[in-house]
Amino acid sequence: MSHNFISSHKRDFSEIHKPKVSIKTFGCRLNQAETADIAASFVNNNYEVVPFGEPADICIIHSCAVTAKAESEALRLVRKIKEDLPCCKVIIAGCVSEVVPISRLYQFGADIVVGQKDKYKIPSLISASQNSTPSKIIPFFETTRALLKIQDGCNFFCTYCIVPYARGASYSLPFHEIIEKAHQLADLGFKEIVITGANIGTYNYNRKNLIHLLEAVESINGIERIRLSSLEISTVEYPLFYFMASSKKLCRYLHIPMQSGDDEILKAMNRRYSSIDYRAAIEKFLECVPNAGLGTDIIIGFPGETEEAFTATLKLVGVVPFSNLHVFPFSPRQLTRAAKLNNPVPSRIVKDRTQKLLELGKQKYKNFAEKFIGKTLKILIEKTTSENCEGWSEEYIYVISKKGNIPVNSIVEVIPVKYENESLRADFKEFA
Ligand code: SF4
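Residues numbered from 1 in each chain as written. Predicted model: local features only at pLDDT ≥ 70, side-chain atom pairs only at ≥ 80, totals over all residues. Heavy atoms only, no water.

### Focus: the overall build of the protein
Working step 1: Within the protein one finds 13 helices and 20 strands.
Working step 2: Taking 432 residues into account, the globule formula puts the C-alpha radius of gyration at 22 Å, and the protein, at 22 Å, falls close to it.
Working step 3: Here the protein holds 432 residues, and the buried ones make up 53% of them.
Working step 4: Summarising the internal contacts of the protein: among those between residues at least 6 apart in sequence, 72% fall at separations of at least 24.
Working step 5: Within the structure as shown, the protein displays about 19800 Å² of accessible surface, and the carbon and sulfur contribution to it stands at 51%.
Working step 6: Each charge sign in the protein was given a centre, from 54 positive and 48 negative side chains, and these centres are 1 Å apart. (Helix = DSSP H or I, 4+ residues; strand = E, 2+ residues; numbered from the N terminus. Rg over C-alpha atoms; globule rule 2.2 N^0.38 Å. Buried < 20%, exposed > 50% of the residue type's maximum accessible area, 1.4 Å probe, protein only. Contact = heavy atoms within 4.5 Å. Areas by Shrake-Rupley, 256 points an atom, 1.4 Å probe, with all protein chains shown as cover. Lys, Arg positive; Asp, Glu negative; His and termini not counted. Charge placed at Lys NZ, Arg CZ, Asp CG, Glu CD.)

### Thoughts on the pattern of salt bridges
For side chains of opposite charge, pairing can occur when their charged atoms come near one another.
Working step 1: Tallied over the full model, the rule gives 26 salt bridges.
Working step 2: The residue lysine 117 makes a salt bridge to aspartate 118 at a minimum N-O spacing of 3.9 Å.
Working step 3: In this structure, glutamate 420 engages lysine 418 in a salt bridge whose closest nitrogen and oxygen atoms are separated by 2.9 Å.
Working step 4: Residue class for lysine 418 comes out partly exposed when judged on its relative accessible area of 41%. (Salt bridge = Lys/Arg side-chain N within 4 Å of Asp/Glu carboxyl O.)

### Remarks on a nonpolar patch on the surface
Working step 1: Judged by side-chain polarity, Phe157, Tyr165 and Leu335 come together as a nonpolar surface patch covering roughly 260 Å² of accessible area.
Working step 2: Note that tyrosine 165 resides in helix H6 (residues 163-167).
Working step 3: For tyrosine 165, a relative accessible area of 33% gives the class partly exposed. (Patch = residues over 30% accessible without salt bridge, like charges linked within 9 Å, V, L, I, M, F, W, Y side chains within 5 Å.)

### Points about the domain arrangement of the protein
When the parts come together, some accessible area is lost, and that loss is often what is quoted as the size of the interface.
Working step 1: Here the protein is described as being made up of domain 1 (17-126), domain 2 (145-370) and domain 3 (377-431).
Working step 2: Facing 20 residues of domain 2, the contacting portion of domain 3 comprises 17 residues.
Working step 3: On the domain 2 side of the interface with domain 3, the three residues burying the most area are Arg145, Arg225 and Tyr365, jointly 36% of the side's total.
Working step 4: Across the contact surface, domain 2 and domain 3 share two salt bridges.
Working step 5: Salt-bridge contacts for glutamate 422 lead to lysine 362; the nearest nitrogen and oxygen are separated by 3.9 Å.
Working step 6: Among the secondary structure elements, those contributing two or more residues to the side of domain 2 that touches domain 3 are strand S12 (225-228) and helix H13 (347-370).
Working step 7: Among the residues making up the side of domain 2 that touches domain 3, the classes are represented as six nonpolar, four polar and ten charged. (Domains from an automatic or database assignment. Buried area = accessible area lost by both parts, 1.4 Å probe. Nonpolar A, V, L, I, M, F, W, Y, C, P; charged D, E, K, R; others polar.)

And the structure:
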């Protein structure tokens, strides 16, 4: 990805009142949720937050280390900003700052390296006199959905995953703080809240679990939709399925990483289930919430993945009615156990297998979406023009409706008429 920077930003300094900061976020929804808090800490310290790519006095790279690709993109970006804007202070925060040696980060041109626990205090690190406590929430989200962080860290130590090293042990945010933040987001006009964290199914604060949290968020006026980010199957209990089945606000969609359909590989990954457990839990889920959307992650080319193991994955993906597949080639991460395993899968084979699964994923998304043709779907409008409005359904299907000038952030009812270019085309029905 390339970014354009203005190499010398001549400005009328008499007009400048506030220093400008921009933030580039890599990686998951958890990082995106945290970016909003980092931005808030700057706004509360009298900085102006500008879109990334615009001239700024400070650029923050909020990095991701989950794959080697994400890590090197972040490092390349640090270097590019320093080349294009030598006067700009570049701060690297997030997972890369925890797992890459600090000397290497400085070599790439970072001016300041900020670890996970300090990332909301950056203004005070820059100037000790400034207030470092965000006093109010600032809605810096890239979509109409607001991200609500409830938990961080993970104790599961899947053998390929850097998260336990980069984010540390699992901890749950205080229940009352989360609910207060959800109220603030509702007051700011957000209708959809995405519950996010590194391993949200482990949420537990003073015996309040994820379902208690969902009940409390559901009772907030103004919030019309709640979406769950990725959940580990070993943390999902049936009460969640029943809750979703009866809830008026919790979107009928779960993203449950499967990673492999082969039991030997699942064991080598230190996943906490077998392929049979996975399938049984999904069957139960779909029995409770028929026609729900179901997403998953699959890692291709984990060390030792034989043709038989891949076939087992392909078969399981074939029988489980997934609507969204995220397919990742295995990326060995330093510190993890899987990085030391023998039997790497040749990259040509990884590419072929990835391609096969991506094609299967496209077909499954289409099959799932087509089930809704002729039925009423509710979509949250994210994009609008004079001719169309577009957005996601509860089940996470992208829908384009032929009705112009519908305000962004409205929830509307539509009736899909056909599937085209990875989305449903629909007739507009009414405002929901
Ligand atoms: S459950 Fe496994 S994959 Fe998910 S964050 Fe924890 S260690 Fe990583």
